[in-house]
Amino acid sequence: MVAAVLALCGHSVQVMCYSEYLTTRDWKDFEDFYGYFGVRSKITYQTFEDAASEQIDRIAGNAEKYIRSCIGLPTRTQFSAVSRSKPILLIDEVDVFFDENLYGETYNLGTFPHIPGLDKIQLKIWELVQNQSYDIRQTIDVYLSNALNSQLAKFNEHMRRFKQFQLLTDDGVKTFTAASLISSHIDEMISIAQIVNNYDSNNSFFCKFKLDSFGNIVSKDSFGLYGTWTYSYYNTFIYFRLKQTSFRQEPYNYGYLRLRLGSISYAKIPEKFPLILGVTGTLTTISSYEKKVVKDHYHINEMSVMPSFFGGSNLKFNATQDFRCLKTVNEWMNAIFGRINTMINAKRSVLVVFDTDLKVEAFKQQFAALLDRLNVLTVNTNLTNKERFINDAGVSRTITLATREMGRGVDYKSSVAVEKNGGMHVIQSFFSVDVKEETQIKGRTARKDNRGSYELIVCFEDLKRQNLVENNESYVLVSYNRLIASRSRQLVIKDAARDEKLRKANARHDATVEFYKDN
């Protein structure tokens, strides 16, 4: 509605959202509405990543062409900056923008050229690391001197070819030759290969990666979406570790050189807009730090809290009766299973929200055979199934296992039969360190005059990892109010560190702007 009114007043509007799914869904839902008023061409929808990519295109111009020419590789893509009049920025779920995954973080763009022979070098590094060889760098240098290998001979020829040039690195602008550049990257590859080889299989960063259905490496972004996101050379050596044999040299598996093109600070994206507006269902729960950012950074001085279009929530949450803390993972999963059965026997539907897709998969493996009408819903669920599972979530006796990302902005509708029996029941299986997330998950039920219920079932082991409880504390004494107090203390500590994190992100952004201004 806000976008349409602005467009009718002659403005162009950029609607921005954190989720590709919500962005696509909302444009599809309202395209005809905008068309009816003749303002469709004035309104565009983007994710934050799309906006950052577009901005770095404008700043860096033909950065990839420049860098590839520096190291003697054929140029491919030539960026063309999108030209558009300055629109009004309208941020959907605006509180997500101030999440630590965005505000204070950067969108990093790179190019990943494949250089003949580099695949052999990376495989050799992995072999040496696995064998715990001594002085790997010296062994690689000897390996490179093998002139009988035609690919290595081409690699060495390439390294000797070029004179000095400047590149933007993580540590600022540096001067390189092809030889010094690749030499520094070989050192980085060796260091990362050793780290990957020593990773525990449950390491949180290691768990961001997996092999897709084609056997290629993919990784998760900040919001849990799997894609060809590249984290330096971690992709390469985690690929080797997961695949073990029969390696395929696809673009992001191995054989690439990772060259940085630049960084865009998410915090700086709104600064380019003449007017910033935002909407969210959790305005009243943003932190004092976030209120300070809104007022002092973006100079947004007006806020309005309005009743929902759909009426008040019917949810009643009792901090004692609707909260449980279980000591072990097994007890925690059994407690969730027991509550699911209770609700299914009452002919209701159940939405269980987990913090990671790994937890979803673990629960599914243990209980899938004991549950009918079980669906799994994550940001990575294909669009056809995603729409079907969202629609089915409110059908009697349906159990939906979802990740936290599907607990915000998704409209779950309960059937008449489910409403008659009490509405959809939501189980949150982890404690949110951000109260806004908890508010959103609660809001998946008992909305739009519907009935419904919510409860929180947490695992003591998870709470310890989140530093919300002490190791020597008794799980029996953990209460919902106790966790709220811990959350508040953590928020103070986090907020104190966020300005420094933002400063570093903005410095990388400014270095990108300055570098390409001269190139």
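Residues numbered from 1 in each chain as written. Predicted model: local features only at pLDDT ≥ 70, side-chain atom pairs only at ≥ 80, totals over all residues. Heavy atoms only, no water.

Take the sheet that holds strand β16 (residues 424–428) next. Taken in spatial order, the six strands line up as β12-β17-β16-β13-β15-β14 in an open sheet, and their pairing is parallel. The open sheet has two free edges, formed respectively by β12 (323–326) and β14 (374–377), since each of these has just one partner strand. When the angles between neighbouring strand axes are averaged without regard to direction, this sheet yields 20°. Sheet analysis places β14 next to strand β15 (residues 399–403), joined by four bridges and oriented parallel. Across the sheet, residue V376 finds its bridge partner in β15, namely L401. (Pairing = 2+ DSSP bridges. Helix = DSSP H or I, 4+ residues; strand = E, 2+ residues; numbered from the N terminus. Axes fitted to C-alpha atoms, helices over the stretch in contact; angles between N-to-C directions.)

Another point: the sheet that holds strand β11 (residues 276–279). Pairing is parallel in the open sheet, where four strands are placed in the order β2-β1-β3-β11. Each edge of the open sheet carries a strand with a single partner, namely β2 (43–47) and β11. Along the sheet, successive strands turn relative to each other by an average axial angle of 25°, direction set aside. Where strand β1 (residues 13–17) lies against β2, five bridges are found, and the strand directions are parallel. The residue of β2 that forms the bridge with V13 is I43. Relative to the sheet, helix α2 (residues 20–36) contacts β1, β2 and β3 (88–92), its axis offset from that of β2 by approximately 170°. (Contact = heavy atoms within 4.5 Å.)

In the Ramachandran plot, K347 falls in the positive-phi region, its phi being about 60° despite a non-glycine side chain. Inspection of the secondary structure assignment puts K347 in the loop between α12 (329–345) and β13 (350–354). Although it is not a glycine, R397 adopts a positive phi angle of roughly 70°. Along the polypeptide, R397 turns up in the loop between α14 (383–392) and β15. Judged by relative accessible area, R397 falls into the partly exposed class, the value being 35%. (Buried < 20%, exposed > 50% of the residue type's maximum accessible area, 1.4 Å probe, protein only.)

We now examine the pattern of salt bridges. Oppositely charged side chains may form a pair once their charged atoms are brought near each other. Enumeration over the complete set of coordinates arrives at 29 salt bridges. Notably, a salt bridge pairs E438 with R487, separated by 3.1 Å at the nearest N-O pair. Here E438, found in helix α16 (residues 435–442), pairs with R487, found in helix α18 (residues 480–517); they are 49 residues apart in sequence, far enough to count as distant. Grouping residues by exposure puts E438 and R487 together as buried. For the salt bridge of E473 with R482, the shortest nitrogen-to-oxygen distance reads 2.8 Å. Overall, the relative accessible area of 17% leaves E473 in the buried class. By relative accessible area, which is 21% here, R482 ends up partly exposed. Salt bridges sharing partners connect three or more residues here, namely D355, K359, D462 and R465. (Salt bridge = Lys/Arg side-chain N within 4 Å of Asp/Glu carboxyl O.)

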